[in-house]
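The lines below spell out each chain.
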Amino acid sequence: MPLTDPDRLFPVDPATRDLARALYDSVTALPIVSPHGHCDPRWFAENARFPNPAELFVVPDHYVFRMLVSQGVPMADLGVPRLDGGASETDPRKIWNLFARHYHLFRGTPSAMWLDHSFEHLFGLDVPLSAETAGQYYDRIDEMLASEAFRPRALFERFDIEVLATTDSAIDDLRWHSATRQSGWNGRVITTYRPDAVVDPEFEGFAANVRTLGEMTGEDTSSWAGYLAAHRQRRAFFKTMGATASDHGHPSARTEDLDPAEAGRLLGKALAGTCTTDEADAFRGQMLTEMARMSLDDGLVLQIHPGSRRNHNAQVFRQFGRDKGFDIPGRTDYVADLKPLLDAVGMEPGLTVILFTLDETAYGRELAPLAGAYPVLRLGPPWWFFDSFEGIRRFRETTTETCGFYNTAGFNDDTRAFCSIPARHDVSRRSDCAYLATLVRTGRLREADAFDLAHDLSYGLAKKAYNL
Amino acid sequence: MPLTDPDRLFPVDPATRDLARALYDSVTALPIVSPHGHCDPRWFAENARFPNPAELFVVPDHYVFRMLVSQGVPMADLGVPRLDGGASETDPRKIWNLFARHYHLFRGTPSAMWLDHSFEHLFGLDVPLSAETAGQYYDRIDEMLASEAFRPRALFERFDIEVLATTDSAIDDLRWHSATRQSGWNGRVITTYRPDAVVDPEFEGFAANVRTLGEMTGEDTSSWAGYLAAHRQRRAFFKTMGATASDHGHPSARTEDLDPAEAGRLLGKALAGTCTTDEADAFRGQMLTEMARMSLDDGLVLQIHPGSRRNHNAQVFRQFGRDKGFDIPGRTDYVADLKPLLDAVGMEPGLTVILFTLDETAYGRELAPLAGAYPVLRLGPPWWFFDSFEGIRRFRETTTETCGFYNTAGFNDDTRAFCSIPARHDVSRRSDCAYLATLVRTGRLREADAFDLAHDLSYGLAKKAYNL
Amino acid sequence: MPLTDPDRLFPVDPATRDLARALYDSVTALPIVSPHGHCDPRWFAENARFPNPAELFVVPDHYVFRMLVSQGVPMADLGVPRLDGGASETDPRKIWNLFARHYHLFRGTPSAMWLDHSFEHLFGLDVPLSAETAGQYYDRIDEMLASEAFRPRALFERFDIEVLATTDSAIDDLRWHSATRQSGWNGRVITTYRPDAVVDPEFEGFAANVRTLGEMTGEDTSSWAGYLAAHRQRRAFFKTMGATASDHGHPSARTEDLDPAEAGRLLGKALAGTCTTDEADAFRGQMLTEMARMSLDDGLVLQIHPGSRRNHNAQVFRQFGRDKGFDIPGRTDYVADLKPLLDAVGMEPGLTVILFTLDETAYGRELAPLAGAYPVLRLGPPWWFFDSFEGIRRFRETTTETCGFYNTAGFNDDTRAFCSIPARHDVSRRSDCAYLATLVRTGRLREADAFDLAHDLSYGLAKKAYNL
């Protein structure tokens, strides 16, 4: 029996299921467009083998280790490296066995579906992972990782990825992107301009980061004009490495449109480390509007990922650092927060701003009404905890009636787990086809239009929204 | 092939679909009760022909032009008149063609279902609207609009409307309602008392409007007592034109129960234009409680439509004015906001307050618990962006378990698009029958009760809630 | 025809329904574990007959009388006792008839399903309740209540309750629990430590309650140290009556981790009745963290039930007192509010904190991400208005993908309506089996795992979460 059901995620009603399958069959051969994610560009530059099953599937994936931690497994036992000098498990087989013993925790989750998809379709496994099969799994995966066919570039080609965007700090030198380009390999791996470290006064090392930004660009980043000029220069450099977008991860969706004197004053306080919480938020908000203005000139698409309360647990942050599964969503008010930016540039032709959310209540109440009115706005796909069958269903059901399909931006896998990319795009395509089939069978969409839309949602809209 | 599926919106499971169809068949011949909407009373007074397809379907319908604007079509190209002296397209055929070229944007939206329903059932069209069929559509619709059978009164009768309420400003002279009544035509078109222009200190021209209110009534509307007396007089006049309800569109659901001295002080500041934002909100809130008290005497039903952030886009408001598709919902707190009104009149026999929302999170958390406790409260149907299959489903699924069906108020079409009225009531009846059939087939409702309820939801509850 | 459909709540698709039924059949014989509820412990101590049908089904059940009040039935006519000296109906047959005449109001609600379940399965009735059948119902139920088989202990055994927890005030002497234990009857009825009356400065009689707490324990409860010691002592006493948990009903989820001097200062103000609203909230929040710390020592599970705006209607509270159906939910912010407690004890092995909500928007945005990360957290089942088929469905659909099943805590019936206990557990088991069957049939769960999970959700998880 296969690990994954060939009809998974399709509606249970037989006739609706048949149509969903037909729609899915019509898009399954399309290449993958991955315009937003967190793969390591070094993989493609070096093309080294992935070290072992634990470092491929467990250690770097906060979806995975978070769940085990929530049931009492110490994070260090899962090999997550400590910042505070404490010991972490280093034996990959031990980590793998611990993971396998707790695999039942993932029942009913998208992680289980992504993992099983990789186990089956990539590594040819056909028994469920468990304490009993852990060794067999480890040996099989480890052996295959040693082969040329499982090197990053070979997998990239096998996954039929047409383009993959990484996300890199504004002060990254993009050396791995350069190396990949110079290597002669023709996989299209592009960067994305992510300036959080130099636009967020609360980011660790903000002032030093801004100094580095100055050094890299030859601009006086302690002045407002020089600081903006430095951003423009870095954006231009990122474009030489393929960037078509910038990306911004802020605690709120707040935007501002301050006069330059006031903005410069905030920059000064930010560099001096004397911003209040509110001033820091205002400065980030001002920078979103500045980035949108730069986009009017250089054409980069602006992505806003707001609403994560990062590093919620003080102890985990102290011991393990950022991005370790203790980022918790909070409420986001798009209507008031985006008004300054939208008043400034909301009706501009040629600008695209893609909005994401961790607050699903905003889909119907705020995001769809906004995207269904402002020409610059598009809705990004369900993000993070909502990148799943039910998450996609809720997204479509609460946005389509108000803003239609064409104000949405296709799928993002948003992952640092390379092997999950085909699985995630597959979930997205299946979920969308299930939704389309339901619309057709309930008289809300013509069948021919559903086939058009299946193609657009799987491929066309992402290419269009990101200018790819 | 018909434009609309005869089984549209029914559940896909065959047995459940059969029951939904049977329920729908039992109510499809019921007349339309339209207790809240925005049709122009002049139509019925003059009974002139509708000028052309563009002015019937595109120019006045913010659902329609908003979607095209969101994809970059300039609003002026759609014929929406400008306030700022700029030019707008005046050739209806050009506007129609532009609309037709973009008709794919409406795939999966309720607008497409309403429009297709009109195209098919009213104008006998059976090919989908597109760039190719735009001319054929225009000619057919334009020709039919020229016939007597497509005049407003003839359509009113053809739609089998038992009663239709318009919404008119408190300082409107209701001349078109008078003319209709004096014309001898016996269609029942009634008015609704909508005093936003004279109770909202932030409304354009508030002070002048309140002066006009004084002139119309002979009351000194600069005094609190005179101002209230003027409202009472106007409400009585509106009742002579059939009004059974008042209606209030406020940014929040805030209510107040201030003493008269404090209320009079706020009125003075409002007239002087010196209210703070909070004072303006308090004044509106006080007026909701005053209106509820007047309802205890004159029996008008109080409708509260809160939560729209009106005119969100500064540029569109400047160029095109109010109600042009850039009203965006926001959060609404009914529990704290309605407490003053409910403490004052919440247990009064004979009073009805109908609550609407643009914040669906309030359905289960606030509105159903409130309506399931306070005898004066009823829940209005899904409003605006949520007047749709999924919107109705969410409304029923999140309110019925807490407050049942009998604390809801039947359907409102709430439209200014006259031809969409039968389509909207049809969507409502189908969606409710789909929900009822699902309840029966999952053992949550007896079949006989479902037939009773189908009648109540389609007809009886609206008549009862609005005293029609 | 039976009053309740044997296949109620199962999916309508035939194959999915078959699987749901098979899952349900596999758990239907499991005993009931009821770790949280509001049954009166006196019932089991005295084992007296329930007085009559009205006092069994109408008078004490705020789900029931609230619905009738919402449609204009005076609360006093339903026999709800008045605090203000006014008269309430005392003839149980009149109350019953009034209830029966309005029984159609419950169509489509969980109350109707619970009541019909009791009527059919407990009292053998097979015609629907209505004005016509009211007398027949009354006579039948009243006659059966007179028999030994309908005494509380007999019903407890007939319901196959393995353990039932009541909720008792921290200053209750637990005399009924003692008496039950001393009676020789071996039904397992345990208490739960509910200290609201002595930790909430806004509770009626707070200062006197705290004095009583001091008298019961011999501690000086006017000092911070003595006050905490008194709680420790009471918790230990509650453990001798079987308690494995404490429970806390607060308006918000706020927690604090103040230093003892500041906490003591707040206690002083609370006892003096001079706390501001914010200080009262801070004090309650501090006590949650203190209770969690005590749990580290004594092992009681901490339950937090936040978000009810209690006694919303001033008139009803004045006339009838607490818990009379006018408690309305409000928004709750778990992410910010729980941070102090979680920073203090969130990673502690051996501690369990069970979170409940009346704000369903928190399921996906806050609660599942928190429970899917912090080892001390578990999610309680849908509470109060959401303890229903749709409520359970939304809970599973919005939490499972993020935190899985094993971070949830099984079912609570949370009822003071004794006869509804089997019905409520039955609804929960059916709803969960429906969800599991849907997961299997859409390829999201293996069938064998679904059978495991059906057992865990019906029985195992509740025992584990509450250490039963």
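Predicted, not measured: the structure shown is a model, and the values here were computed from it. (Residues numbered from 1 in each chain as written. Chains lettered and ligands numbered in written order. Predicted model: local features only at pLDDT ≥ 70, side-chain atom pairs only at ≥ 80, totals over all residues.)

Caption draft 1: The arrangement of the overall build of chain A in detail. For chain A, the count of helices and strands is 21 helices and 11 strands. Against the 2.2 N^0.38 benchmark of 23 Å for 468 residues, chain A shows a C-alpha radius of gyration of 22 Å, consistent with a compact globule. Its C-alpha atoms put chain A at 65 × 60 × 45 Å along the principal axes. The buried share of chain A, taken over its 468 residues, is 58%. (Helix = DSSP H or I, 4+ residues; strand = E, 2+ residues; numbered from the N terminus. Rg over C-alpha atoms; globule rule 2.2 N^0.38 Å. Buried ≥ 20, exposed ≤ 12 C-beta atoms within 10 Å, placed from the backbone.)

Caption draft 2: Focus on the pairing of strand β6 (residues 245-250) of chain C. All names here are of chain C. The buried fraction of β6 amounts to 5 of the 6 residues, a majority that puts the element mostly inside the structure. As judged from the 6 bridges shared by β6 and strand β7 (residues 301-306), these two strands associate in the parallel manner. Bridge pairing in β7 places S246 opposite L302. (Pairing = 2+ DSSP bridges.)

Caption draft 3: Summary view of the relation of the copies chain C and chain B. If you rotate chain C by 120° and push it 0.0 Å along the axis, it lands on chain B with an RMSD of 0.0 Å. Accordingly, the operation relating the two chain copies is best matched by a three-fold axis. Among all residues of chain C, the minimum C-alpha distance to the rotation axis is found for D13 of chain C, at 3.6 Å. When the interface residues of chain C are mapped onto chain B, a mere 5% of them again fall at the interface, so the copies present different faces. (Least-squares fit on C-alpha atoms with pLDDT ≥ 70 in both. Contact = placed C-beta atoms within 7 Å.)

Caption draft 4: Expanded view of the interface of chain C and chain A. Listed by partner, the interface residues are 38 residues for chain C and 41 residues for chain A. Elements with a minimum of two residues in the side of chain C that touches chain A: α17 (339-345), α18 (361-371), α19 (389-403), α20 (420-441) and α21 (447-465) of chain C. Broken down by element, the side of chain C that touches chain A gets its largest block of residues, 7 residues, from α18 of chain C. Across the side of chain C that touches chain A, the residue classes break down as 16 nonpolar, 11 polar and 11 charged. (Nonpolar A, V, L, I, M, F, W, Y, C, P; charged D, E, K, R; others polar.)

Caption draft 5: Structural view of the sheet that holds strand β2 (residues 161-165) of chain B. All names here are of chain B. The strand order across the open sheet formed by 3 strands is β1-β2-β4, and the pairing between neighbours is parallel. A strand with exactly one partner marks an edge of an open sheet, and here the two such strands are β1 (32-34) and β4 (189-190). Pairing of β1 with β2, which is carried by 3 bridges, proceeds in the parallel orientation. Within β2, the residue paired with V33 across the bridge is V163.

Caption draft 6: Structural view of the interface of chain C and chain B. Listed per partner, the contact involves 41 residues of chain C and 38 residues of chain B. Put simply, the parts of the chain that give the side of chain C that touches chain B at least two residues each are α4 (62-69), α6 (110-121), α15 (314-320), β9 (328-329) and α19 of chain C. Here the side of chain C that touches chain B is composed, by residue class, of 17 nonpolar, 14 polar and 10 charged.

Caption draft 7: Expanded view of the nonpolar core. Grouped together as the largest cluster of nonpolar side chains are 444 residues, with contacts concentrated most on V58 and L436 of chain A, V58 and L436 of chain B together with V58 and L436 of chain C. Once residues lying within four places of it in the same chain are set aside, the contact partners of L436 of chain C are L23, L445, A450, L453 and A454 of chain C. (Core = buried A, V, L, I, M, F, W, Y, C linked by C-beta atoms within 7 Å.)

Caption draft 8: Spatial organisation of the relation of the copies chain C and chain A. Rotating chain C by 120° and moving it 0.0 Å along the rotation axis overlays it on chain A with an RMSD of 0.0 Å. Comparing interface residues between copies, only 5% of those in chain C also sit at the interface in chain A, which points to a heterologous contact through distinct surfaces.

Caption draft 9: How the structure looks around the packing of helix α6 (residues 110-121) of chain A against helix α20 (residues 420-441) of chain A. Residue and element names in this part refer to chain A. In the contact formed by α6 and α20, the axes pass within 8 Å of each other and the chain directions differ by 120°. Judged by the angle between their axes, α6 and α20 are oblique. The two elements α6 and α20 meet at a crossing, and its hand is right-handed. Every residue of α20 that contacts α6 at P110, M113, W114, H117 and S118 is listed here: S420, A423, R424, D426 and V427. Taken together, the residues that form the contact of α6 with α20 break down as 5 nonpolar, 3 polar and 2 charged. (Axes fitted to C-alpha atoms, helices over the stretch in contact; angles between N-to-C directions. Parallel < 35°, antiparallel > 145°, perpendicular 65-115°, else oblique. Left-handed = near helix turned anticlockwise from the far one by under 90°.)

Caption draft 10: Inspection of the sheet that holds strand β2 (residues 161-165) of chain A at higher detail. In space, the 3 strands of this open sheet follow the order β1-β2-β4 (chain A), with parallel pairing throughout. Two strands lie at the open edges of the sheet, namely β1 (32-34) and β4 (189-190) of chain A, each paired on one side alone.

Caption draft 11: Examining unusual backbone geometry more closely. A positive phi angle is found at L9 of chain A, which is not glycine, with a value near 75°. Relative to the elements of secondary structure, L9 of chain A occurs in the segment before α1 (14-27).

Caption draft 12: Summary view of helix α21 (residues 447-465) of chain A. Residues and elements named next belong to chain A. Of all the bends in α21, the greatest measures close to 55° and is centred on D456. Looking at α21, one finds that the buried residues are A450, L453, A454, D456, L457, S458, Y459, L461, A462 and A465. Contacts made by the buried residues of α21 are with α1, β1, β7 (301-306), β10 (353-355), β11 (377-379) and α20. N467 occupies a position one or two residues after α21 and carries a positive phi of about 55°. (Bend = angle between axes of the 7 residues up to and from the residue.)

Caption draft 13: Expanded view of the environment of D126 of chain B. All names here are of chain B. With respect to the helices, strands and loops of the structure, D126 is situated in the loop between α6 (110-121) and α7 (134-145). Expressed as a C-alpha distance, the spacing of D126 and E447, which sit 321 residues apart in the sequence, is 36 Å. In this structure D126 touches P2, L3 and E120, once residues within four positions along its chain are discounted.

Caption draft 14: Up close: the packing of helix α18 (residues 361-371) of chain B against helix α19 (residues 389-403) of chain B. Residue and element names in this part refer to chain B. Running from N to C, α18 and α19 cross one another at 40°; their axes reach a closest spacing of 8 Å. One way to sum up the angle between α18 and α19 is to call them oblique. In this structure, α18 crosses over α19, and the sense of that crossing is right-handed. In this structure, α18 uses Y363, G364, L367, A368, P369 and A371 to contact α19, whose residues at the interface are F395, T398, T399, T402 and C403.

Caption draft 15: Looking closely at the confidence of the model for chain A. The pLDDT averaged across chain A works out to 96; a share of 100% of its residues lies at or above 70. The ipTM, which scores confidence in the relative placement of chains, is 0.97 for this predicted complex, and the corresponding pTM is 0.97. (pLDDT = per-residue confidence, 0-100.)

Caption draft 16: Representation of the environment of S222 of chain B. For S222 of chain B, the position within the fold is in the loop between α11 (206-217) and α12 (224-240). Between the C-alpha atoms of S222 of chain B and G268 of chain B, which are 46 residues apart in sequence, the distance is 7.0 Å.

Caption draft 17: A look at the environment of V73 of chain B. Residue and element names in this part refer to chain B. Mapping V73 onto the fold places it in the loop between α4 (62-69) and α5 (92-101). Given 18 C-beta atoms within 10 Å, V73 falls into the partly exposed group. Separated by 29 residues in sequence, V73 and H102 have C-alpha atoms that sit 9.3 Å apart. When sequence neighbours within four positions are dropped, the list of residues in contact with V73 reads L68, L78, L98 and H102.

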